[in-house]
Amino acid sequence: MHIPIKRSKDNQILGGVIAGFCEQYDWNPAIGRVLYVVLSMTPMFPGIIVYLILLLLMEKPDED
């Protein structure tokens with residue numbers, strides 16, 4: 001099972017998960033990262049667990 005969104009190859013800090021979503025939907029990766037960190041600080045959003053699950057489920061970036 002995987003998500004048909006690829007992780008970012010060029011714009012990654014840890015695994016390229018947030019940048020991959022931002023590239024897919026034409027968002028600014030910096031804003032996406034800030035929003036993710038803010039959401040991760042709320043008690044109802046388990047940010048690290050969600051990030052690790054997405055890291056495993058998203059497709060790897062193409063190797064050029």
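Thresholds, definitions, all that
Residues numbered from 1 in each chain as written. Predicted model: local features only at pLDDT ≥ 70, side-chain atom pairs only at ≥ 80, totals over all residues. Heavy atoms only, no water. UniProt positions renumbered as here; feature names shortened; annotations may be inferred. Helix = DSSP H or I, 4+ residues; strand = E, 2+ residues; numbered from the N terminus. Rg over C-alpha atoms; globule rule 2.2 N^0.38 Å. Buried < 20%, exposed > 50% of the residue type's maximum accessible area, 1.4 Å probe, protein only. Contact = heavy atoms within 4.5 Å. Lys, Arg positive; Asp, Glu negative; His and termini not counted. Charge placed at Lys NZ, Arg CZ, Asp CG, Glu CD. Salt bridge = Lys/Arg side-chain N within 4 Å of Asp/Glu carboxyl O.

Per an unreviewed UniProt entry, the recorded name for the protein is PspC domain-containing protein, and the organism is Companilactobacillus huachuanensis. In its Subcellular location (unreviewed entry) section, UniProt records this for the protein: "Cell membrane".

Attention now goes to the overall build of the protein. Helix and strand content of the protein: three helices and two strands. Scanning the protein from its N terminus toward the C terminus, one meets helices and strands in the order β-α-α-α-β. The C-alpha atoms of the protein give a radius of gyration of 12 Å, which matches the 11 Å a tight globule of 64 residues would have. Looking at the protein as a whole, 28% of its 64 residues qualify as buried. Pairs at least 24 residues apart make up 51% of the contacts formed inside the protein by residues separated by at least 6 positions. The positive charge centre, built from 5 side chains, and the negative charge centre, built from 7, are 6 Å apart in the protein.

Before going further, it helps to spend a moment on the pattern of salt bridges. By the definition in use, this model includes one salt bridge. Glu 59 is paired through a salt bridge with Lys 6; the nearest N and O atoms lie 3.8 Å apart. Taken together, the positions of Glu 59 in strand E2 (residues 58-59) and Lys 6 in strand E1 (residues 3-6) put the pair 53 residues apart, joining distant regions of the chain. The class of Glu 59 is partly exposed, set by a relative accessible area of 24%.

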